[in-house]
Amino acid sequence: MKIAYEKTYDVAVVGGGIAGVAAALQAARCGMKTVLIEKTVLPGGLATTGLVRVYLPLCDGNGHQVSFGITEELLRASYKYGPGDIPENWKDGKNAPESGRFRALFSPASFILALDELLEEAGVDIWYDTLVCDAEVENNRITAIHCENTSGRGKILAKQFIDASGDCTVARRAGVPCHDEYNFLSLWAMQYDKNLKREDDFGPGVGIYVAGVPWNPAKAPEGTVFRGEDGRQVTDFMLKSRKLLREQCQRAYTNEPENYNRNSYYPLKVPAMTQFRKIFSIDAEYIPGSDDHDKDFEDSIGIAGDWRRPGPVWVIPYRSLYPACHLGGLLAAGRCTGAKDDAWEITRVIPTAALTGQVAGLAAVLCIQNGVEPYELDVKLLQNELKNKYGFPLTLADVGLAPKA
């Protein structure tokens, strides 16, 4: 196909979710000419377009903050233009529930405004409504990607690429082996309920409606387990998830007509993207798994809390950010990083996506400055920047914790 335009950058970030935003911010703030390519017209991914409006905890539930840097910056930005806040007494928590930890609820629209602002202030060249459709590989490194938007097909050249697409769009098109996982039918939607007694953070009567099937493949009804690598299943997931909301409205109107009708109870906003949690992750040099919590790594690049329960924390190894096949010019961020089983539940969520995004952005900068590929980068150089310049704890001892026995 004819190439209508061609652009050159230092760093190209694909995917404008939280991981991609963090990566682009870091690279641009380091002086790199940076482009952020997003297939929708909104930044934030599942957090905003997907209406999953909980910025999960940056602490361990026992008063220890474990994630810092852009991860914390974005949490605070999430409520800059709207409701939300951090619990005042989170530091006093002992086996605290999620609601009492260092986390925040936010308005997706408010977060979008703040993300746009941060990206613009950093000088990131933002390309919305642009779909990545191919990658060029020469001498075992990515040299360019092809994009489609209203201007036609274009070619983006860069010194380093960061795949923060959520489904390994760049990695797969460059031939990197990837791993996939199943997803359960679910839906987060914004809803108005005149009879809502509790005021949600959005205001009286407005809240988030959540529906889904049990997160256990053995118990899930037929037709409610999906894999995001199948284009047909993406459409089926969207149709069936919206049907859950339609059925809920019908039940309310039928069973309690005195309290619920189309004027007092109705949807306000449905997600504009599939709410898949896991699609593809790269076959990384190291793939964290279920037994890797509360464990130090020599190539640590940060620490994430476990949003599901207080106590466990996860040290993220740098080796999970680049492919085992050592394809040059490529780093992964967010849920595209290497992970499996229990560990993928940690790497896929907002705080860890921001963490790995910032690290991928910094690693790309250091690779360019030192003339090396991501798999060749001296991790001690990266760690020194993270710890001394950005305040990242890298070991469990750094946050007052001890490795598991």
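These remarks concern the structure in this document. (Residues numbered from 1 in each chain as written. Predicted model: local features only at pLDDT ≥ 70, side-chain atom pairs only at ≥ 80, totals over all residues. Heavy atoms only, no water.)

Along the chain, G15 turns up in the loop between strand 1 (5-14) and helix 1 (18-29). Overall, G15 belongs to the buried group, its relative accessible area being 6%. For the pair G15 and G231, spaced 216 residues apart in sequence, the C-alpha separation works out to 18 Å. Ignoring any residue separated from it by four or fewer positions in sequence, one finds G15 in contact with G20, V21, L36, I37, E38, A164 and S165. (Helix = DSSP H or I, 4+ residues; strand = E, 2+ residues; numbered from the N terminus. Buried < 20%, exposed > 50% of the residue type's maximum accessible area, 1.4 Å probe, protein only. Contact = heavy atoms within 4.5 Å.)

With respect to topology, three strands assemble into an open sheet ordered 12-11-14, the strand pairing being antiparallel. Two strands in the sheet have a free side with no partner beyond their single neighbour: strand 12 (206-212) and strand 14 (265-269). Between one strand and the next, the sheet's axes are offset by a mean angle of 45°, whatever the strand orientation. Bridge count between strand 11 (residues 186-193) and strand 12: seven bridges; the pairing is antiparallel. Looking across to strand 12, one finds that Y192 is bridged to V206. Running at roughly 35° to strand 11, helix 5 (residues 231-255) makes contact with strand 11, strand 12 and strand 14 of the sheet. (Pairing = 2+ DSSP bridges. Axes fitted to C-alpha atoms, helices over the stretch in contact; angles between N-to-C directions.)

Turning our eyes to something else, we now look at helix 8 (residues 379-389). Owing to its 3.6 residues per turn, the α-helix aligns residues three or four sequence positions apart on the same side. Along helix 8, the residues that are buried comprise V379, L382, Q383 and L386. Viewed end-on, helix 8 has its buried residues packed into an arc of 95°, placing them on one side of the element. Opposite the buried face of helix 8, by more than 90 degrees, sit the exposed residues K380, N388 and K389. The residue sitting at the N-terminus of helix 8 and contributing the capping side-chain oxygen is D378; that oxygen lies 3.0 Å from the backbone nitrogen of K380. Within two residues after helix 8, G391 carries a phi angle of roughly 70°, on the positive side. (Arc of directions from axis to C-beta. Polar contact = N/O pair within 3.5 Å; in protein donor to acceptor, adjacent residues only side chain to side chain.)

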